[in-house]
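So the chains spell out like this:
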Amino acid sequence: MKLKSPFLIKPHSKVKLSAFPTATHPGYSSEAATKAVLDKHRQQLTDLQEVLYASQAKAVLIVLQGMDTAGKDGTIRHIFSGINPQGCDVASFKVPTPVEAHHDFLWRCHAQVPARGMIGIFNRSHYEDVLSPWVHGQTSDKIARRRMDNIVGWERMLADQDVVILKFFLHISHAEQTRRLQSRIDTPDKRWKISPADFEERKFWDKYMSAYEEILRRTSRKHAPWFVIPSDHKWFRNVAISQILVEGMQALNLKYPAPTFDPKGIDLAEESAAVVAKKVKQRANPGAPKSAANTKE
(Lines give C-alpha, C1' and ligand atoms only; values in the text may rest on other atoms or scores of the structure.)
Protein backbone atom coordinates (compact mmCIF):
# COMPACT_ATOMS: atom_id res chain seq x y z
CA MET A 1 0.00 0.00 0.00
CA LYS A 2 1.43 3.33 -1.09
CA LEU A 3 0.11 6.51 0.48
CA LYS A 4 1.08 10.01 -0.55
CA SER A 5 0.76 12.62 2.18
CA PRO A 6 2.67 15.76 3.14
CA PHE A 7 2.59 14.43 6.70
CA LEU A 8 4.23 11.08 5.94
CA ILE A 9 7.59 10.33 7.56
CA LYS A 10 9.69 8.47 5.02
CA PRO A 11 11.70 5.52 6.33
CA HIS A 12 15.03 6.48 7.93
CA SER A 13 14.52 10.18 7.27
CA LYS A 14 15.85 12.64 9.82
CA VAL A 15 13.09 14.16 11.95
CA LYS A 16 13.27 17.50 13.76
CA LEU A 17 9.84 18.18 15.23
CA SER A 18 10.57 21.88 15.66
CA ALA A 19 10.62 22.08 11.86
CA PHE A 20 7.13 20.58 11.60
CA PRO A 21 4.39 23.22 12.00
CA THR A 22 1.66 22.51 14.52
CA ALA A 23 -0.90 25.12 13.47
CA THR A 24 -0.87 24.82 9.67
CA HIS A 25 -4.07 23.82 7.86
CA PRO A 26 -3.26 23.46 4.15
CA GLY A 27 -6.24 23.39 1.85
CA TYR A 28 -8.72 24.74 4.40
CA SER A 29 -9.24 28.32 5.50
CA SER A 30 -11.38 27.61 8.55
CA GLU A 31 -13.24 24.97 10.54
CA ALA A 32 -16.39 25.65 8.53
CA ALA A 33 -14.57 24.65 5.35
CA THR A 34 -13.83 21.18 6.76
CA LYS A 35 -17.29 20.21 7.99
CA ALA A 36 -18.68 18.86 4.72
CA VAL A 37 -15.38 17.09 3.98
CA LEU A 38 -15.29 15.42 7.40
CA ASP A 39 -18.91 14.29 6.99
CA LYS A 40 -17.97 12.76 3.64
CA HIS A 41 -14.96 11.00 5.18
CA ARG A 42 -17.13 9.58 7.98
CA GLN A 43 -19.57 8.11 5.46
CA GLN A 44 -16.73 6.70 3.38
CA LEU A 45 -15.20 5.08 6.47
CA THR A 46 -18.57 3.60 7.39
CA ASP A 47 -18.89 2.04 3.92
CA LEU A 48 -15.28 0.86 3.87
CA GLN A 49 -15.60 -0.69 7.31
CA GLU A 50 -18.61 -2.72 6.17
CA VAL A 51 -16.60 -4.27 3.34
CA LEU A 52 -13.65 -4.84 5.68
CA TYR A 53 -15.90 -6.58 8.19
CA ALA A 54 -17.62 -8.69 5.53
CA SER A 55 -14.46 -9.77 3.70
CA GLN A 56 -12.40 -10.65 6.79
CA ALA A 57 -9.36 -10.40 4.53
CA LYS A 58 -7.53 -7.59 6.35
CA ALA A 59 -7.34 -5.94 9.75
CA VAL A 60 -6.63 -2.23 10.28
CA LEU A 61 -4.59 -1.05 13.25
CA ILE A 62 -4.58 2.69 13.94
CA VAL A 63 -1.98 4.00 16.39
CA LEU A 64 -2.48 7.39 18.06
CA GLN A 65 0.39 8.99 19.95
CA GLY A 66 0.94 12.50 21.23
CA MET A 67 1.63 14.62 24.26
CA ASP A 68 -1.05 15.14 26.92
CA THR A 69 -4.01 17.13 25.52
CA ALA A 70 -2.93 16.39 21.91
CA GLY A 71 -6.43 15.11 21.18
CA LYS A 72 -6.29 11.33 20.96
CA ASP A 73 -9.73 10.89 22.53
CA GLY A 74 -11.19 13.68 20.40
CA THR A 75 -9.79 12.13 17.24
CA ILE A 76 -11.56 8.87 17.99
CA ARG A 77 -14.81 10.61 18.89
CA HIS A 78 -14.96 12.89 15.84
CA ILE A 79 -13.71 10.55 13.11
CA PHE A 80 -15.23 7.23 14.12
CA SER A 81 -18.68 8.37 15.19
CA GLY A 82 -20.32 6.52 12.28
CA ILE A 83 -18.39 3.27 12.62
CA ASN A 84 -20.29 0.09 13.54
CA PRO A 85 -19.15 -0.70 17.11
CA GLN A 86 -19.19 -4.42 16.27
CA GLY A 87 -16.27 -3.90 13.94
CA CYS A 88 -14.07 -1.58 15.99
CA ASP A 89 -12.15 -1.92 19.26
CA VAL A 90 -10.23 0.73 21.19
CA ALA A 91 -7.36 -0.16 23.53
CA SER A 92 -5.31 2.11 25.79
CA PHE A 93 -1.94 1.30 27.32
CA LYS A 94 -0.85 3.05 30.48
CA VAL A 95 1.50 1.96 33.28
CA PRO A 96 1.87 -1.84 33.02
CA THR A 97 0.05 -3.88 35.65
CA PRO A 98 2.12 -6.34 37.74
CA VAL A 99 1.00 -9.19 35.47
CA GLU A 100 1.89 -7.24 32.31
CA ALA A 101 5.26 -6.26 33.75
CA HIS A 102 6.19 -9.94 34.12
CA HIS A 103 5.81 -10.48 30.38
CA ASP A 104 7.73 -9.10 27.41
CA PHE A 105 6.79 -5.49 26.70
CA LEU A 106 4.79 -6.34 23.57
CA TRP A 107 2.72 -9.08 25.21
CA ARG A 108 -0.14 -6.87 26.35
CA CYS A 109 -0.30 -5.08 22.99
CA HIS A 110 -0.31 -8.24 20.90
CA ALA A 111 -3.40 -9.41 22.74
CA GLN A 112 -5.23 -6.27 21.51
CA VAL A 113 -4.24 -6.48 17.83
CA PRO A 114 -7.44 -6.53 15.74
CA ALA A 115 -8.58 -9.72 14.04
CA ARG A 116 -9.16 -9.78 10.29
CA GLY A 117 -12.30 -7.84 9.53
CA MET A 118 -11.81 -5.47 12.46
CA ILE A 119 -10.50 -1.97 13.02
CA GLY A 120 -8.36 -1.58 16.14
CA ILE A 121 -7.38 1.77 17.62
CA PHE A 122 -4.48 2.07 20.04
CA ASN A 123 -5.02 5.21 22.14
CA ARG A 124 -1.42 5.34 23.26
CA SER A 125 0.33 2.18 22.24
CA HIS A 126 3.32 -0.14 22.39
CA TYR A 127 5.49 2.96 21.91
CA GLU A 128 4.71 4.00 25.49
CA ASP A 129 7.00 1.19 26.69
CA VAL A 130 9.88 2.89 24.91
CA LEU A 131 8.94 6.51 25.42
CA SER A 132 8.22 7.03 29.11
CA PRO A 133 10.99 4.83 30.60
CA TRP A 134 13.51 6.39 28.24
CA VAL A 135 12.51 9.98 28.98
CA HIS A 136 12.63 9.36 32.72
CA GLY A 137 16.00 7.61 32.66
CA GLN A 138 14.57 4.26 33.68
CA THR A 139 16.07 2.54 30.67
CA SER A 140 19.26 3.04 28.70
CA ASP A 141 19.65 4.35 25.15
CA LYS A 142 20.76 0.87 24.12
CA ILE A 143 17.63 -0.82 25.47
CA ALA A 144 15.33 1.89 24.09
CA ARG A 145 16.79 1.48 20.60
CA ARG A 146 16.66 -2.30 20.87
CA ARG A 147 12.97 -2.04 21.74
CA MET A 148 12.41 0.14 18.69
CA ASP A 149 14.04 -2.55 16.56
CA ASN A 150 11.81 -5.14 18.25
CA ILE A 151 8.77 -3.04 17.35
CA VAL A 152 9.82 -2.76 13.71
CA GLY A 153 10.08 -6.55 13.52
CA TRP A 154 6.79 -7.06 15.35
CA GLU A 155 4.96 -4.66 13.07
CA ARG A 156 6.52 -6.40 10.06
CA MET A 157 5.13 -9.70 11.30
CA LEU A 158 1.67 -8.16 11.76
CA ALA A 159 1.78 -6.72 8.25
CA ASP A 160 2.73 -10.15 6.88
CA GLN A 161 -0.42 -11.46 8.58
CA ASP A 162 -2.69 -8.93 6.83
CA VAL A 163 -2.74 -6.22 9.51
CA VAL A 164 -2.63 -2.77 7.91
CA ILE A 165 -0.86 -0.37 10.30
CA LEU A 166 -1.24 3.42 10.19
CA LYS A 167 0.44 5.48 12.92
CA PHE A 168 -0.33 9.11 13.76
CA PHE A 169 1.65 11.51 15.93
CA LEU A 170 -0.66 14.36 16.97
CA HIS A 171 1.75 17.29 16.93
CA ILE A 172 0.85 20.23 19.18
CA SER A 173 2.95 23.12 20.43
CA HIS A 174 3.87 23.68 24.06
CA ALA A 175 1.83 26.89 23.96
CA GLU A 176 -1.24 25.02 22.71
CA GLN A 177 -0.88 22.43 25.46
CA THR A 178 -0.74 25.31 27.94
CA ARG A 179 -4.00 26.72 26.56
CA ARG A 180 -5.75 23.37 26.70
CA LEU A 181 -4.64 22.62 30.24
CA GLN A 182 -5.71 26.09 31.36
CA SER A 183 -9.09 25.52 29.75
CA ARG A 184 -9.50 22.34 31.78
CA ILE A 185 -8.53 24.19 34.95
CA ASP A 186 -11.01 26.99 34.22
CA THR A 187 -13.90 24.69 33.20
CA PRO A 188 -15.40 22.71 36.12
CA ASP A 189 -16.83 20.01 33.83
CA LYS A 190 -13.37 19.37 32.38
CA ARG A 191 -11.39 19.18 35.60
CA TRP A 192 -11.88 15.45 35.88
CA LYS A 193 -9.48 15.11 32.92
CA ILE A 194 -6.60 16.68 34.86
CA SER A 195 -4.07 14.68 36.85
CA PRO A 196 -0.93 15.77 38.72
CA ALA A 197 1.11 13.85 36.14
CA ASP A 198 -0.05 16.25 33.41
CA PHE A 199 1.90 19.06 35.06
CA GLU A 200 4.86 16.93 36.14
CA GLU A 201 5.37 15.67 32.58
CA ARG A 202 5.51 19.19 31.15
CA LYS A 203 8.97 19.57 32.68
CA PHE A 204 10.19 16.86 30.30
CA TRP A 205 8.78 18.37 27.09
CA ASP A 206 12.14 18.71 25.34
CA LYS A 207 13.13 15.16 26.24
CA TYR A 208 9.84 13.86 24.91
CA MET A 209 10.36 15.71 21.64
CA SER A 210 13.84 14.22 21.27
CA ALA A 211 12.55 10.74 22.02
CA TYR A 212 9.69 11.06 19.56
CA GLU A 213 12.10 12.28 16.87
CA GLU A 214 14.13 9.11 17.15
CA ILE A 215 11.05 6.89 17.35
CA LEU A 216 9.65 8.45 14.19
CA ARG A 217 12.96 8.11 12.36
CA ARG A 218 13.66 4.52 13.40
CA THR A 219 10.18 2.99 13.18
CA SER A 220 8.42 4.59 10.21
CA ARG A 221 8.37 1.93 7.51
CA LYS A 222 6.40 1.26 4.35
CA HIS A 223 4.52 -1.50 6.17
CA ALA A 224 3.84 0.73 9.21
CA PRO A 225 4.19 4.42 8.33
CA TRP A 226 4.12 7.36 10.72
CA PHE A 227 2.28 10.58 9.93
CA VAL A 228 3.01 13.80 11.86
CA ILE A 229 -0.32 15.62 11.97
CA PRO A 230 -0.51 19.37 12.76
CA SER A 231 -2.93 19.29 15.68
CA ASP A 232 -3.16 22.76 17.22
CA HIS A 233 -6.40 23.11 15.24
CA LYS A 234 -8.59 20.16 16.20
CA TRP A 235 -10.77 20.56 13.13
CA PHE A 236 -7.80 20.24 10.78
CA ARG A 237 -6.40 17.28 12.73
CA ASN A 238 -9.67 15.42 12.21
CA VAL A 239 -9.94 16.00 8.48
CA ALA A 240 -6.23 15.28 7.86
CA ILE A 241 -6.33 11.94 9.67
CA SER A 242 -9.67 10.88 8.22
CA GLN A 243 -8.43 11.58 4.69
CA ILE A 244 -5.40 9.33 5.19
CA LEU A 245 -7.61 6.59 6.65
CA VAL A 246 -10.04 6.76 3.73
CA GLU A 247 -7.24 6.66 1.16
CA GLY A 248 -5.51 3.82 3.00
CA MET A 249 -8.62 1.66 3.21
CA GLN A 250 -9.60 2.39 -0.38
CA ALA A 251 -6.15 1.23 -1.48
CA LEU A 252 -6.90 -2.23 -0.07
CA ASN A 253 -9.44 -2.80 -2.88
CA LEU A 254 -11.51 -5.09 -0.68
CA LYS A 255 -14.57 -6.83 -2.09
CA TYR A 256 -17.64 -8.36 -0.54
CA PRO A 257 -17.28 -12.16 -0.28
CA ALA A 258 -19.20 -14.45 -2.64
CA PRO A 259 -22.61 -15.51 -1.26
CA THR A 260 -22.83 -19.01 0.20
CA PHE A 261 -25.78 -19.75 -2.14
CA ASP A 262 -27.58 -18.20 -5.12
CA PRO A 263 -30.61 -16.31 -3.73
CA LYS A 264 -32.02 -15.18 -7.08
CA GLY A 265 -35.68 -16.02 -7.63
CA ILE A 266 -36.49 -16.92 -4.05
CA ASP A 267 -39.77 -15.34 -2.94
CA LEU A 268 -40.32 -15.59 0.81
CA ALA A 269 -43.87 -14.26 0.50
CA GLU A 270 -44.98 -16.90 -2.03
CA GLU A 271 -43.02 -20.00 -1.04
CA SER A 272 -43.19 -22.13 2.08
CA ALA A 273 -40.29 -22.35 4.49
CA ALA A 274 -39.68 -25.95 3.45
CA VAL A 275 -39.50 -25.05 -0.26
CA VAL A 276 -37.16 -22.15 0.44
CA ALA A 277 -34.89 -24.31 2.61
CA LYS A 278 -34.73 -26.92 -0.16
CA LYS A 279 -33.81 -24.32 -2.79
CA VAL A 280 -31.14 -22.84 -0.54
CA LYS A 281 -29.60 -26.27 0.00
CA GLN A 282 -29.66 -27.03 -3.72
CA ARG A 283 -28.04 -23.73 -4.58
CA ALA A 284 -25.31 -23.87 -1.97
CA ASN A 285 -21.97 -22.65 -3.25
CA PRO A 286 -19.36 -25.10 -1.95
CA GLY A 287 -16.60 -22.86 -3.27
CA ALA A 288 -17.58 -19.87 -1.13
CA PRO A 289 -15.08 -19.45 1.72
CA LYS A 290 -16.58 -19.59 5.22
CA SER A 291 -13.96 -17.20 6.47
CA ALA A 292 -10.84 -15.67 5.00
CA ALA A 293 -9.10 -16.39 8.32
CA ASN A 294 -9.41 -20.14 7.72
CA THR A 295 -7.18 -19.89 4.66
CA LYS A 296 -4.28 -18.18 6.42
CA GLU A 297 -1.19 -19.86 7.69
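Below or above, wherever it landed, is the structure these notes cover. In every chain, residue numbers begin from 1 and rise along the written sequence. pLDDT decides what is reported in this predicted model: residues at 70 or higher carry local features, side-chain atom pairs at 80 or more are listed and counted, and totals for whole chains, interfaces and linings draw on all residues regardless. Values shown for side chains rest on all heavy atoms present in the structure; no hydrogens or waters enter the calculation.

A few points about the pairing of strand β2 (residues 59-66)
Alright, step 1. Three exposure classes are used, based on accessible area relative to the maximum for each residue type with a 1.4 Å probe and protein chains only: buried under 20%, partly exposed in between, and exposed over 50%. Here a helix means four or more residues in a row that DSSP labels H or I, a strand means two or more in a row labelled E, and each is numbered from the N terminus. Counting buried residues in β2 gives eight out of eight residues, a clear majority hidden from the surface.
Alright, step 2. Burial of β2 is two-sided: the residues Ala59, Leu61, Val63 and Gln65 facing one way and the residues Val60, Ile62, Leu64 and Gly66 facing the other way are all buried.
Alright, step 3. Relative to strand β5 (residues 163-171), β2 is paired through eight bridges, and the arrangement is parallel. From the neighbouring strand, leucine 61 faces β5, where its bridge partner is isoleucine 165.
Alright, step 4. Paired strands, in this sense, are two strands between which DSSP finds at least two bridges. Here β2 runs beside strand β4 (residues 119-123); their pairing, made up of five bridges, is parallel.

Description of the packing of helix α1 (residues 31-55) against helix α10 (residues 234-250)
Working note: a packed helix pair is described by the angle between its axes plus the distance between those axes.
Alright, step 1. All axes here are fitted lines through C-alpha atoms, helices being fitted over the stretch that makes contact, and every angle between N-to-C directions spans 0 to 180 degrees. Packing of α1 against α10 leaves a shortest axis separation of 9 Å and a crossing angle of 30°. Considering their axes alone, α1 and α10 lie roughly parallel with respect to each other. Considering how the two elements wind past one another, α1 and α10 form a crossing that is left-handed. Contacts between α1 and α10 pair Glu31, Thr34, Val37, Leu38, His41, Gln44, Leu45, Leu48, Gln49 and Leu52 from the former with Trp235, Asn238, Val239, Ser242, Gln243, Leu245, Val246, Met249 and Gln250 from the latter. Roughly parallel means an angle under 35 degrees; roughly antiparallel, over 145; roughly perpendicular, 65 to 115; everything else is oblique. In this scheme the handedness of a crossing depends on how the near helix is turned from the far one: anticlockwise by less than a right angle means left-handed, clockwise means right-handed. In this description, contact between two residues means that some pair of their heavy atoms is separated by no more than 4.5 Å.

Quick notes on helix α9 (residues 205-219)
Alright, step 1. Multiplying 1.5 Å by the helix residue count minus one yields the expected span of that helix. In a regular helix each residue adds 1.5 Å, so 15 residues correspond to 21 Å; α9 covers 21 Å between its end C-alpha atoms and thus fits that length.
Alright, step 2. With eleven of its 15 residues buried, α9 lies for the most part within the structure.
Alright, step 3. Of the residues making up α9, those classed as buried are Trp205, Tyr208, Met209, Ala211, Tyr212, Glu213, Glu214, Ile215, Leu216, Arg218 and Thr219.

Concerning the sheet that holds β5
One key point about sheets: their strands pair by backbone hydrogen bonds, in either a parallel or an antiparallel sense.
Alright, step 1. Spatial strand order, β1-β6-β5-β2-β4-β3: six strands in an open sheet with mixed pairing. Strands with a single pairing partner mark the edges of an open sheet, and in this sheet they are β1 (8-9) and β3 (88-92).
Alright, step 2. Relative to β2, helix α2 (residues 72-79) is tilted by about 140°, and along the sheet it contacts β2, β3, β4 and β5.

Remarks on the environment of valine 15
Alright, step 1. Tracing the chain through its elements places valine 15 in the loop between β1 and α1.
Alright, step 2. The spacing of valine 15 and threonine 34 is 19 residues in sequence and 28 Å in space, taken between C-alpha atoms.
Alright, step 3. Filtering out sequence-adjacent residues up to four positions away, valine 15 remains in contact with Ile9, Phe20, Glu213, Leu216 and Arg217.

A short note on the packing of aromatic side chains
Alright, step 1. Here is the rule: rings of Phe, Tyr and Trp (six-membered ring for Trp) pair when centre to centre is within 6.5 Å. Planes less than 30 degrees apart are stacked, more than 60 are edge-to-face, and the remainder are tilted. Counted under the stated rule, the structure contains six aromatic pairs.
Alright, step 2. Between phenylalanine 169 and tyrosine 212, the aromatic rings sit 4.5 Å apart at their centres with planes inclined by 45°, giving tilted as the arrangement. Highlighted residues: phenylalanine 169 in strand β5 and tyrosine 212 in helix α9, separated in sequence by 43 residues.
Alright, step 3. Taken together through their ring pairs, the aromatic side chains of Phe7, Tyr28 and Phe236 make up a single cluster.
Alright, step 4. Two thresholds decide whether a charge sits over a ring: the Lys NZ or Arg CZ must be within 6 Å of the ring centre and within 35 degrees of the ring normal. A cation over an aromatic ring shows up here: arginine 147 above the ring of phenylalanine 105, its NZ or CZ 4.5 Å from the ring centre.

Concerning the side chain of serine 242
Alright, step 1. For serine 242, the position within the fold is in helix α10.
Alright, step 2. Polar contacts here mean pairs of N or O atoms no more than 3.5 Å apart (in protein, one a potential hydrogen donor and the other a potential acceptor; neighbouring residues in sequence count only if both atoms are side-chain atoms). In terms of polar contacts, serine 242 uses its side chain to reach the backbone carbonyl oxygen of asparagine 238, at 2.9 Å.
Alright, step 3. Setting aside residues up to four positions removed in sequence, serine 242 forms contacts with Leu38, His41 and Ile79.

Shape descriptors only; they carry no functional weight alone.
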